[in-house]
Amino acid sequence: MEPKNQDYDLQHPIVSASGLRQGLTSYGNAHFFLLLGKTQLMDAAEQGIHLQGGIAIDFPTISLHESFSHPTSMFLRNFMKRDKTLPAQIMGGLSANKPILPLITGPIMPGGYQRKRIGACTDCQNNWASFRAGKMDLEEIMAINEELAPTPLHPSSSLIVVHRNIAPNGAVIKASASKDTRLLCHTGPAGVFDNPRDLALRLDDPNLEVTADSVLVLKGIGPVGNPGMPEAGRIPIPRKLAPQGVTVMLRISDGRLSGTAGGTIVLHISPESAMVESRFGVVQTGDTVALNAQNCILWVEVEESEFQGTNVAEKASRGGRCGGKETSTRVSGTV
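All of the points below concern the structure found in this document. Bear in mind that the values here come from a model prediction, so they are computed numbers and not experimental data.

## Some points on the overall build of the chain
When you go through the chain residue by residue, the secondary structure sums to six helices and 10 strands. Sequence separation of at least 24 residues holds for 63% of the intrachain contacts in the chain that already meet a minimum separation of 6.

## Section: unusual backbone geometry
Of note, the amide linkage connecting Ser270 to Pro271 takes the cis form, showing an omega dihedral of 0°. Checked against the element boundaries, Pro271 lands in the loop between strand S8 (265-267) and strand S9 (288-292). The phi torsion at Asn97 lies on the positive side, around 55°, for a residue other than glycine. Residue class for Asn97 comes out exposed when judged on its relative accessible area of 69%. Of note, His268 is a non-glycine position whose phi angle comes to about 55°, a positive value. On the basis of relative accessible area, His268 is assigned to the partly exposed category, the value being 36%.

## Looking at the side chain of Arg132
Checked against the element boundaries, Arg132 lands in helix H3 (residues 122-132). Overall, the relative accessible area of 19% leaves Arg132 in the buried class.

## Considerations on the nonpolar core
Looking at soluble globular proteins, one finds that nonpolar side chains tend to be buried together. Within the largest apolar cluster, 26 residues are counted, with the highest numbers of intra-cluster contacts made by Ile252, Val266 and Leu298. Mapped by element, the contributors of at least two residues to this core are strand S3 (159-162), strand S4 (171-174), strand S5 (185-193), strand S6 (215-218), strand S7 (250-253), S9 and strand S10 (297-300). Non-local contacts of Val266, meaning those with residues more than four positions away in its chain, are made with Val162, Ala171, Val172, Ile173, Leu250, Arg251, Ile252, Ser253, Leu291 and Leu298. Counting 15 residues, the second-largest nonpolar core is a separate cluster that includes Ala133, Ile237, Leu241 and Ala242.

## Side note on the side chain of Asp254
Here Asp254 shows up in the loop between S7 and S8. We note that Asp254 is buried and unpaired, the nearest opposite charge coming from Lys219 at a distance of 8.6 Å. A polar contact is formed between the side chain of Asp254 and the backbone nitrogen of Ile221, at a distance of 3.1 Å. At 2.8 Å, the side chain of Asp254 forms a polar contact with the side chain of Ser273. Leave out the neighbours within four places in its chain, and Asp254 touches Leu218, Lys219, Gly220, Ile221, Gly222, Met229, His268, Ile269, Glu272, Ser273 and Phe280.

## Re a nonpolar patch on the surface
Judged by side-chain polarity, Leu86, Ile90 and Leu94 come together as a nonpolar surface patch covering roughly 270 Å² of accessible area. When you line up the elements, Leu86 lands in helix H2 (residues 85-96).

## Quick look at the pairing of S7
Successive residues of a regular strand alternate their side chains across the two faces of the sheet. The two faces of S7 match: Leu250 and Ile252 on one face and Arg251 and Ser253 on the other face are all buried. Sheet analysis places S6 next to S7, joined by four bridges and oriented parallel. Considered in S7, the bridge of Leu216 is made with Arg251.

## Digging into the sheet that holds S3
With mixed pairing, the eight strands of this open sheet are ordered in space as S3-S4-S8-S7-S6-S5-S9-S10. The open sheet is flanked by S3 and S10, the only strands paired with a single partner. Strand after strand, the sheet turns through a mean of 25° between neighbouring axes, direction not considered. Here S7 runs beside S8; their pairing, made up of two bridges, is parallel. Note on S8: the bridge partner recorded for Arg251 is Ile265.

## Thoughts on the pairing of S9
With four of five residues buried, S9 is to be regarded as a mostly interior element. Inspection of the sheet shows S5 paired to S9 by five bridges, in the antiparallel sense. Looking across to S9, one finds that Pro189 is bridged to Thr288. Bridge count for S9 against S10 is four bridges, and the pairing is antiparallel. Bridge pairing in S10 links Ala290 to Trp299. Where S9 hands over to S10, the hairpin turn is made up of four residues, of which Cys296 adopts a positive phi near 60°.

Rules used throughout
Residues numbered from 1 in each chain as written. Predicted model: local features only at pLDDT ≥ 70, side-chain atom pairs only at ≥ 80, totals over all residues. Heavy atoms only, no water. Helix = DSSP H or I, 4+ residues; strand = E, 2+ residues; numbered from the N terminus. Contact = heavy atoms within 4.5 Å. Buried < 20%, exposed > 50% of the residue type's maximum accessible area, 1.4 Å probe, protein only. Core = buried A, V, L, I, M, F, W, Y, C linked by side-chain atoms within 4.5 Å. Lys, Arg positive; Asp, Glu negative; His and termini not counted. Salt bridge = Lys/Arg side-chain N within 4 Å of Asp/Glu carboxyl O. Polar contact = N/O pair within 3.5 Å; in protein donor to acceptor, adjacent residues only side chain to side chain. Patch = residues over 30% accessible without salt bridge, like charges linked within 9 Å, V, L, I, M, F, W, Y side chains within 5 Å. Areas by Shrake-Rupley, 256 points an atom, 1.4 Å probe, with all protein chains shown as cover. Pairing = 2+ DSSP bridges. Axes fitted to C-alpha atoms, helices over the stretch in contact; angles between N-to-C directions.

What follows is the structure, encoded as structure tokens:
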């Protein structure tokens, strides 16, 4: 049977002069057609270049998918995904030392499900959490998946840099993405995962030491601890809490996450846990962690002496502090 679109048939010869499949850039999702279709935009840009004596060559770009890259596509200098596409195209043009005109064809419009507007990645993550909690079945999550598309930008944004003893070089939180603003000023016991593997092994443990007030802590996902720095900062709600109706928690890590993801999540804690001078690497399950976003404070209630002297990364690896001995002394920070 003849394929509907020969551009996707690898047996079909490439015939375009530029070495690309003829007209490939004119194909695309109808979401991309805003005021003008993609083809019309390209034709207009090409005509302008030709009128100035230039030669326009279509050069479509494609992403390296995260699922097929190890440890992540960032390790291959890949920015070709969602909001990174434009800087990736510009970097490519500069690397090739050629004139480049990035053609921005507009955002993918949101979809709809049961009279509600939905879009990725925020809604895909929220609905996946509901699926994990048993609030929707496989058929419903698949129906939602068919409708998901990136959401438009929100008119306001609020990035806050927080400091103090757990992050002496700072950390970042997108306050406007918080699903529950009460968590922007929150104190609770830490539930610590040492790395992504530890998270995968213990997240669904029914005996996990966490409550609804806990602060989920994920170490080892910074650029040194996890080369390539995957988008892993949005720690899922533990399975033992999801059936109780817990949908939001304060989460902190030394990694990153998608700019379209939502939640009260502190990222890029520095120095990251893999660094020998990291204070974040010392935090253990049960330690009291406090966030006050308004005052730019991220704090762990431990003695300052526990950060001094011995290599802090070595302390953390022993499962205890101060030469492997736990200390019950705590000091309170003003948050």
